[in-house]
Amino acid sequence: MTLDPILLRRGIPVSPSPYAVEAHGLVKTFGDNTAVDGVDLSIPRGGIYGVLGPNGAGKTTTIRMLATLLRPDAGEARVLGYDVYTEPKTIRENIALTGQFASLDEDLTGIENLILLGRLLGFSKQQARKRGRDLLEAFGLAEAADRQVKKYSGGMRRRLDIAGSLVVTPELMFLDEPTTGIDPRSRNQVWDIIRTLVAGGTTILLTTQYLEEADQLADRIAVIDHGRVIAEGTPGQLKSQVGAGALKVRVADPVQREEAAAVLERAVGGVVVREKDSAALSARLGEGASASPSLAALEEAGILVETFSFGQPSLDEVFLALTGKPAESEENDDAEPEIAEAAR
Amino acid sequence: MSQNTDTPPLSQEHRDLPTSGAKAGAAGSGAAAEQVSAAGISAVLLPTDQRPTPSGALSGSVTFGWRAMLKIKHIPMQLFDVTIFPIMMTVMFTLIFGGAMGAVVSGSGETGGAAITEYVQFFIPGIFVQTLIMITMYTGLTLNKDISKGIFDRFRSLPTWRPAQLVGALLGDQVRYTLAGTIILTVGFIVGFRPDGGVSGVLAGFALLLVFSFCLSWVWTMVSLLMPTEEAVMGVSMTLIFPLTFASNIFVPTATMPGWLQPVVDANPVSVLVTAVRELMDGTYDAASIGLVALYCLVLVAVFAPISMYLYNRKS
Ligand SMILES: Nc1ncnc2c1ncn2[C@@H]1O[C@H](COP(=O)(O)OP(=O)(O)O)[C@@H](O)[C@H]1O
Ligand SMILES: [Mg+2]
């Protein structure tokens, strides 16, 4: 890794931290409610880091501490190598926060919101207006520029909110539940935007309640529940913690199912489950096993296969295995079907 | 991990979401303006070496002041709310109570048109002060509303001078005070207010009132940072404002009150202010009264501004 351009620009002769975030034992208590209960995080620079947890797990509180909005009750944290207690100003110069609830002025128009941020970040009035126009254009909001934000749709608000975080390009961007409660199309747009930002070199810390989202976007995931990190790793690692993947086969002719089951049993060397669907079979594969031999064996036996899939356990299953309860909290019941629908 | 690399073509089951780029493009029919392209976003990202230096205390405060003015532009009703009541008070006190009050104020015992005119001269500077003091409360309400929303976190995550949001709001409110004050004085003029101090006297009184309002606003800023809800802020502010404005010489001279109450009412900062404003508008300004107002202003800012800034920085 080359020297950090920010440090170079400031002429600070410090070797840059390879971590975007390093936190140890962060604690935050509200009254007698311990919102964050000893969180450890090591987030490498570059890429997307996902913090996954149900409502009330402590995601927002953790982010607010890292973004220097909230002082931790205990623990240490360095953001981009700077200490949250002693160097908050430097941290703020290099981060951007897109909060869970739109961090926008609802009474102002889209362009006014961006000019406001541009002025605060040091642009002249003309520069800020130009910057605002360019951002609105890029985020597909040019037509809504002069409309009050309170008249924006959920997806438009989200995009404007993210645009607001890009008035100057941050080293690290916090995105707190960026797709909660927006429609699938807007969600896809937000995903696109996030991927583009990462390609541009920004590190992204994203929180989400959606397992699919973390799986789709994040390079690494911390699963957080009741203010504690209960698992951490790549999506693949997390899934393998729960066991290997499941093989699903549907034969073209139900008559051939028994024969197929016998072939599979030999190929995977394990138990094959006959599903309710009279043409379907499933089998759990052992650690490190490959699905290709099974498919080859079926073909060899002359069995016509309609569908054949090998999938890793879903993060739903991961959550269930880690916490002993499903990840969904009651509050997001309304939002969940949208995601499920989009997944189909 | 091995599974990941082993089975790329087959592991479709849980990865079967279409790549969002293609999907967003396909679904974008009829909404060309909403199109978001990766290329467009990449192009708009500002290279980190082109970041400007963040705004300082002054330009940050001025920017937040600009925001407050935009709010007046977008929600003029908030101005209407706070001026309609004083207009009603002015009309009511002059036309209905004016005769009786005037008889007392002038000491002539005569009621009617002349007494009303007499009372108007006494009352307008008073209601003028009361109106602006009432409006200062809205500074606290606005701030409390801001804090309960996500935008508060955004502002605090910026590398700017943090109190700029507070100072800027107070500066922006000066515009609101000026507008409201102008309305009251216009109504006053219509009902017969003809101050001896002339235009310069009125302007001097206005300026003094604006300074005081700015200083008093810090009290409401503190209240708004301490109270959990807008309603609570309103409740506390009202509880403070009513005695302050009514136990004063706004409506009647202190001399008409019971002896034990007079020193209390005279010490009320609002009475001190009203006296100074009356004198200025009368063209008979008195350094002692203005000095006393300045002293109150200094104390208000010295006490409440640091507390507010501390609370603002600590607010979670
Ligand atoms: N400002 C606050 N005051 C009091 N309690 C809070 C505050 N912020 C969060 N909490 C509590 O802390 C816990 C964690 O909240 P949060 O960090 O918002 O979770 P998440 O973002 O994962 O949904 C919740 O029980 C919540 O009620
Ligand atoms: Mg949250």
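Residues numbered from 1 in each chain as written. Chains lettered and ligands numbered in written order. Predicted model: local features only at pLDDT ≥ 70, side-chain atom pairs only at ≥ 80, totals over all residues. Heavy atoms only, no water.

Looking at an unreviewed UniProt entry, chain B carries the name Transport permease protein, with the source organism given as Nesterenkonia alkaliphila. Recorded in UniProt under Subcellular location (unreviewed entry), the annotation for chain B is "Cell membrane". UniProt, in the comment section headed Sequence similarities (unreviewed entry), describes chain B in these words: "Belongs to the ABC-2 integral membrane protein family." (UniProt positions renumbered as here; feature names shortened; annotations may be inferred.)

Looking at an unreviewed UniProt entry, one finds chain A named ATP-binding cassette domain-containing protein, with Nesterenkonia alkaliphila as its source organism. Under the heading Subcellular location (unreviewed entry), UniProt records this for chain A: "Cell membrane". Regarding chain A, the UniProt comment filed under Sequence similarities (unreviewed entry) reads as follows: "Belongs to the ABC transporter superfamily. Drug exporter-1 (DrugE1) (TC 3.A.1.105) family."

Glancing now at a nonpolar patch on the surface. A surface patch of nonpolar side chains, about 490 Å² in accessible area, is lined by Met-77, Phe-80, Ile-84, Phe-85 and Met-88 of chain B. Note that Met-77 of chain B resides in helix α5 (residues 77-95). (Patch = residues over 30% accessible without salt bridge, like charges linked within 9 Å, V, L, I, M, F, W, Y side chains within 5 Å. Areas by Shrake-Rupley, 256 points an atom, 1.4 Å probe, with all protein chains shown as cover. Salt bridge = Lys/Arg side-chain N within 4 Å of Asp/Glu carboxyl O. Helix = DSSP H or I, 4+ residues; strand = E, 2+ residues; numbered from the N terminus.)

The next subject is the pattern of salt bridges. Between side chains of opposite charge, pairing is possible as soon as their charged atoms come close. Per the counting criterion, the structure on display carries 24 salt bridges over all chains. Where Lys-73 of chain B meets Glu-112 of chain A, a salt bridge forms, and the shortest distance between an N and an O atom there is 3.2 Å. Of this pair, Lys-73 of chain B sits in helix α4 (residues 57-74) while Glu-112 of chain A sits in helix α4 (residues 110-120), which puts the two residues in different chains. By relative accessible area, Lys-73 of chain B is classed as exposed at 54%. Judged by its relative accessible area of 8%, Glu-112 of chain A falls in the buried class. Across the salt bridge formed by Arg-67 of chain B and Asp-146 of chain B, the nearest N and O atoms sit 2.8 Å from each other. Of the two residues, Arg-67 of chain B is situated in helix α4 and Asp-146 of chain B in helix α7 (residues 113-147); the sequence distance between them amounts to 79 residues. Each member of the pair Arg-67 of chain B and Asp-146 of chain B is classed as buried. What you see here is one network of salt bridges that share partners, running through Asp-105, Asp-107 and Lys-150 of chain A together with Arg-67, Lys-71 and Asp-146 of chain B. (Buried < 20%, exposed > 50% of the residue type's maximum accessible area, 1.4 Å probe, protein only.)

Right, let's get into the packing of α7 of chain B against helix α9 (residues 164-190) of chain B. Residues and elements named next belong to chain B. In the contact formed by α7 and α9, the axes pass within 9 Å of each other and the chain directions differ by 150°. One finds that α7 runs roughly antiparallel with respect to α9. As α7 runs across α9, the sense of the crossing is right-handed. When its residues are assigned to classes, the contact of α7 with α9 shows 14 nonpolar, seven polar and three charged. (Axes fitted to C-alpha atoms, helices over the stretch in contact; angles between N-to-C directions. Parallel < 35°, antiparallel > 145°, perpendicular 65-115°, else oblique. Left-handed = near helix turned anticlockwise from the far one by under 90°. Nonpolar A, V, L, I, M, F, W, Y, C, P; charged D, E, K, R; others polar.)

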